[in-house]
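Residue-level structure breakdown
Here is how the chains run, residue by residue.
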Amino acid sequence: MARKTFYVTTAIDYVNAEPHIGHAYQKIVADAIARWHKLLGEEVLFVTGSDEHGKKVADSAKEKGLTPKEFVDQISEKFKQAWKSLNIEYDRFIRTTDKDHVKISQGNG
């Protein structure tokens, strides 16, 4: 008998500033749900990530004297570290600047 598969995802966070408690709620709930389904013996895919495009991101980068890519590289890492410190066990952290995400979102996947 094939194992049941369960998928859970969160909204992707805008990374125009460092993470805060408001960002954490969804991840904590999604992590709890993913863990429950793992306890049920299901195969689980838990995905979260960051949205690294937009005017606010560009403006925040400019304020710091960085390119948007340099800025989101730094801030996205802070989001990952925040979830690690909360023991959030996601399977994939998708960044909208990831090459595979860009390719698929443009219909080239």
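About the cut-offs
- All chains use their own residue numbering, which begins from 1 and follows the written sequence.
- Restriction of local features to residues with pLDDT of at least 70 applies here, the model being predicted, together with a cutoff of 80 or more for giving and counting side-chain atom pairs; totals for whole chains, interfaces and linings are based on all residues.
- Side-chain measures were taken over the full set of non-hydrogen atoms in the model, leaving aside hydrogen atoms and water.
- We count a stretch as a helix when DSSP gives it H or I for four or more residues in a row; a strand needs E for two or more, and each element gets its number in order from the N terminus.
- Exposure categories follow from relative accessible area, calculated using a 1.4 Å probe and restricted to protein chains: below 20% of the type maximum is buried, above 50% is exposed, and the middle band is partly exposed.
- By definition, residues are in contact when any of their heavy atoms lie within 4.5 Å.
- In short, Shrake-Rupley with a 1.4 Å probe defines the accessible areas, and a residue's cover is counted only from the protein chains shown.
- Positive: Lys, Arg. Negative: Asp, Glu. His and the chain ends are not part of the count.
- Charge coordinates come from a single atom per side chain, which is NZ of Lys, CZ of Arg, CG of Asp or CD of Glu.
- Residues enter patches when their relative accessible area tops 30% and they take part in no salt bridge; the joining distance is 9 Å for like charges and 5 Å for the nonpolar side chains Val, Leu, Ile, Met, Phe, Trp and Tyr.
- Any Lys or Arg side-chain nitrogen found within 4 Å of a carboxyl oxygen on Asp or Glu counts as a salt bridge.
- For two strands to count as paired, DSSP must find a minimum of two bridges between them.

Moving on: the overall build of the protein. The secondary structure content of the protein amounts to four helices and four strands. Starting at the N terminus and ending at the C terminus, the protein contains elements arranged as β-β-α-β-α-α-β-α. By principal-axis analysis of the C-alpha atoms, the protein measures approximately 55 × 35 × 15 Å. A buried classification covers 31% of the 109 residues belonging to the protein. Restricting to contacts in the protein with at least 6 residues of sequence separation, those with at least 24 account for 70%. When the accessible area of the protein is evaluated, it comes to approximately 7,200 Å², of which 57% is carbon and sulfur surface. Within the protein, one finds 17 positive and 16 negative side-chain charges whose respective centroids are separated by 1 Å.

Where nonpolar side chains cluster on the molecular surface, the patch consists of Tyr25, Val29 and Ile33 and spans about 290 Å² of accessible area. Examined against the element boundaries, isoleucine 33 turns out to sit in helix 1 (residues 21-39). What makes isoleucine 33 partly exposed here is its relative accessible area of 35%.

Secondary-structure assignment places glutamate 52 in the loop between strand 3 (43-51) and helix 2 (55-64). Note on glutamate 52: relative accessible area 5%, which makes it buried.

So, about the pairing of strand 3. Of all nine residues in strand 3, seven are buried; the element is thus mostly enclosed. In the sheet, strand 2 (residues 13-14) pairs with strand 3 via two bridges, with the strands oriented parallel. Paired with tyrosine 14 across the two strands is aspartate 51, which belongs to strand 3. By the bridge criterion, four bridges tie strand 3 to strand 4 (residues 92-95) in an arrangement that is parallel. Directly across from valine 47, in strand 4, lies its bridge partner arginine 92.

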